[in-house]
Amino acid sequence: MESWAQKRPNVQYLCVCVDSQGVAFQFQQMFGFQHAKNCWIPDRRYFPVGYGQLGCSGFVISDEDGLFVSRKTTSYLNYGEKAFDDVDDILDKLLEKKKDNKENYSPTSSVTPLKTENREEKAPKRQKKEEEEKKMEIEVPKSVGVDSMDEDHEECAVAIALLIKTRSVDALQTVSQQLIHHFNEEEELMQKHNFGNANDDPSNEFSAYRNHVKDHKRILEIINREINAVALVSSACCGAKGTSTCETTKKLAKVDTQVIKEIVEAFSNHTEKYDSLYGHVIPSNAS
Ligand SMILES: [Fe+2]
């Protein structure tokens, strides 16, 4: 949000904490808001009624008169980073509308004509893709303040590093197993210490716990989609599931680089934006 606010100084970005003032201060430390405004709702009486959600489920956008343009933009929990393109599109249209000098505005000016790519244009693109692939790496996440979770994160990062290196389906399945195991343990801990209203009314849209769990599911869905895609290819190649030919095809199959990139981003973003929040509620030696 801070980088958005820097990019668009004519839009007011508000990060409204629905937890405590302490969590708002924690967000300030984490994100260093300067251009975006950091605020909190002091009491449940001030909560919006009938709509509203945590930022990872979508943003609320209003125009300069306070009229809603969107009560819920595309959700990060469903679309990852791509969800933010929706916010940019809405703001682009809103700001375009506002332009006083309409004479110079042509409705087609924002449409880039399609070009036929030639070999010369493709070559640098391919080279760029290869460079990006080479650069892909996973770092062990920073401590989240709970030792057992730090250990889990390190194990998950090691499994993802192996996936980057080998691109094998077996490595992808290991990542899946590690993450499932870790997410289960983490969710149990959050419930035990009632992080993010874990034990409150399940319909509470503002529960940090429930949104956290949704992000776990989103990450596992990215992995499951790829596992299913590979399974489909191998069964299509050999004609029957589970035969030795199938196993060979599976061994030869490579996990899509784009998917690995998505997993790396999703895991890194998750530990940074979600896991870093429970350290002040769950004791460091909890297990
Ligand atoms: Fe988590």
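Parameters and conventions
Residues numbered from 1 in each chain as written. Predicted model: local features only at pLDDT ≥ 70, side-chain atom pairs only at ≥ 80, totals over all residues. Helix = DSSP H or I, 4+ residues; strand = E, 2+ residues; numbered from the N terminus. Buried ≥ 20, exposed ≤ 12 C-beta atoms within 10 Å, placed from the backbone. Contact = placed C-beta atoms within 7 Å. Axes fitted to C-alpha atoms, helices over the stretch in contact; angles between N-to-C directions. Parallel < 35°, antiparallel > 145°, perpendicular 65-115°, else oblique. Left-handed = near helix turned anticlockwise from the far one by under 90°. pLDDT = per-residue confidence, 0-100. Pairing = 2+ DSSP bridges. Core = buried A, V, L, I, M, F, W, Y, C linked by C-beta atoms within 7 Å.

Participant: Residue-level account of the overall build of the protein, with values.
Facilitator: A tally of regular secondary structure across the protein gives 10 helices and 4 strands. In the protein, the succession of α and β elements from N to C terminus is α-β-α-β-β-β-α-α-α-α-α-α-α-α. Counting across all 287 residues of the protein, residues that qualify as buried make up 20%. Contacts in the protein between residues far apart in sequence, at least 24 positions, make up 56% of those at least 6 positions apart.

Participant: Give me the lowdown on the packing of helix α6 (residues 147–166) against helix α7 (residues 169–192), citing residues and values where you can.
Facilitator: Contact pair α6 / α7: the axes reach a minimum separation of 9 Å and the direction vectors enclose 165°. On the basis of the axis angle, α6 is roughly antiparallel to α7. Relative to α7, α6 is oriented so that their crossing is left-handed. Contacts from Met149, Asp152, Glu155, Cys156, Ala159, Ile160, Leu162, Leu163 and Thr166 in α6 reach Ala171, Leu172, Thr174, Val175, Gln178, Leu179, His182, Glu185 and Glu186 in α7.

Participant: Summarise the confidence of the model for the protein; cite the residues concerned and give the values.
Facilitator: Should the pLDDT be low somewhere, the predicted coordinates at that spot are not to be read in detail. Confidence along the protein averages 81 in pLDDT terms, with 79% of residues attaining 70 or more. In the model, residues 107–122 has pLDDT below 50 throughout and makes 1 contact with residues more than four positions away in sequence or in other chains.

Participant: I'd like a rundown of the pairing of strand β2 (residues 37–40), residues and numbers included.
Facilitator: Relative to β2, strand β1 (residues 14–17) runs parallel, the two being bridged by 4 bridges. Along β2, the bridge assignment pairs Leu14 with Lys37.

Participant: An account of the nonpolar core is requested, with residue identities and associated values reported.
Facilitator: If you look at the biggest cluster of nonpolar residues, it comprises 19 residues, and the most contacted ones within it are Cys156, Ile160, Leu163, Leu172, Val175, Ile263 and Phe267. Within the residue set of this core, elements represented by two or more residues are α6, α7, α8 (208–238) and α10 (257–273). If sequence neighbours within four positions are ignored, Ile263 has contacts with Ile160, Val175, Ile222 and Ile223. Formed by 15 residues, the second largest nonpolar core is a distinct cluster that contains Leu54, Val146, Tyr274 and Leu277.

Participant: Can you explain unusual backbone geometry? Please cite residues and give values.
Facilitator: Phi at Asn194 is positive, roughly 50°, even though this residue is not glycine. Inspection of the secondary structure assignment puts Asn194 in the loop between α7 and α8. Its 13 C-beta neighbours within 10 Å are what place Asn194 among the partly exposed residues. Of note, Asn197 is a non-glycine position whose phi angle comes to about 55°, a positive value. With respect to the helices, strands and loops of the structure, Asn197 is situated in the loop between α7 and α8.

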